[in-house]
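# Descriptive analysis of the structure
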Amino acid sequence: GGGAYGSALACAATRAGRDVTLYARSAESAAQMETTRTNPKLPGVSLDAAIGITGDIAAAARADIILLATPAQNLREAAKTLAPYLKPSTPVVACAKGIERGTHRFMTEIIAETMPDAIPAILSGPNFADDVARGLPTAVTLAAKDEGLASDLVQALGSSTFRPYHTT
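Described in the following lines is the structure provided in the data block.

Conventions adopted
- Residues numbered from 1 in each chain as written.
- Predicted model: local features only at pLDDT ≥ 70, side-chain atom pairs only at ≥ 80, totals over all residues.
- Heavy atoms only, no water.
- Core = buried A, V, L, I, M, F, W, Y, C linked by side-chain atoms within 4.5 Å.
- Buried < 20%, exposed > 50% of the residue type's maximum accessible area, 1.4 Å probe, protein only.
- Helix = DSSP H or I, 4+ residues; strand = E, 2+ residues; numbered from the N terminus.
- Contact = heavy atoms within 4.5 Å.
- Salt bridge = Lys/Arg side-chain N within 4 Å of Asp/Glu carboxyl O.
- Pairing = 2+ DSSP bridges.
- Axes fitted to C-alpha atoms, helices over the stretch in contact; angles between N-to-C directions.

As a further point, take the nonpolar core. Counting residues in each nonpolar core, the largest one holds 34 residues, and the members touching the most others are Leu9, Ile51 and Leu123. Counting only elements with at least two residues in this core, the list comes to helix H1 (4-15), helix H2 (27-36), strand S5 (119-124), helix H6 (129-134), strand S6 (138-144) and helix H7 (147-157). Among the elements that line this core, the one with the most residues is H1, at seven residues. Ignoring any residue separated from it by four or fewer positions in sequence, one finds Leu9 in contact with Leu67, Ala69, Cys95, Leu123, Val132 and Phe162. Core analysis: the next-biggest nonpolar cluster, separate from the first, contains 20 residues, Leu68, Ala72, Leu82 and Ala118 among them.

What follows is the structure, given as structure tokens:
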């Protein structure tokens, strides 16, 4: 997601040395962020030139790891939209904590239901988008059923200032 937290995580993943594509639902927003290298939801933060920004969900879905950075109540819709483009066995990390209203499902359960070929995981704070984007020291927890996968995801996203710790 191209909001504040998705953009912040794109910054963190770039600092970790990863090739990053940031998806914005609106082609207009994607074009504006591409041109200005800023996100209006993160004032004062520059988006590294290495971050690819797109409004093309199929292009974003080609990633080896998906960070699904949407509000909890929008995760199901985002997952359904992304699902047809996803490669089988792609780790999909929910970056919102919470329980879906009505169904009382956790975010990883929604991923499993709507994206049956994905491997669900979750990233949880406490942290603030602005701190993550600016590279301030941040610790988070990353959980997946498979401890090996959780460890691999921590290695893929971690840097000197963004420290994920894994668990099952």
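In this section: the pattern of salt bridges. Opposite charge on two side chains permits them to pair, given that their charged atoms come into close proximity. Taken as a whole and assessed by the stated rule, the structure comprises six salt bridges. One salt bridge in this structure joins Lys87 and Asp64, with 3.2 Å as the shortest N-O distance. Placement of Lys87 in the loop between helix H4 (75-82) and strand S4 (91-94) and of Asp64 in the loop between helix H3 (57-60) and strand S3 (66-68) is noted, with a sequence separation of 23 residues between them. For Asp64, a relative accessible area of 60% gives the class exposed. Connected via shared salt-bridge partners are Arg76, Glu100, Arg105 and Glu113.

Here we take up the sheet that holds S6. A sheet is described by the order of its strands in space; here five strands give the open sequence S3-S4-S5-S6-S7, paired in mixed fashion. Of all the strands in the sheet, just S3 and strand S7 (162-167) have a single pairing partner and so form its edges. In this sheet, neighbouring strand axes are inclined to one another by 30° on average, regardless of whether the strands run parallel or antiparallel. Pairing of S4 with S5, which is carried by four bridges, proceeds in the parallel orientation. Its bridge partner being in S5, Val92 is matched across the sheet by Pro120. Across the face of the sheet, H4 comes into contact with S3 and S4 while running at roughly 150° to S3. With respect to the sheet, H7 is in contact with S3, S4, S5, S6 and S7, its orientation differing from that of S7 by roughly 180°.

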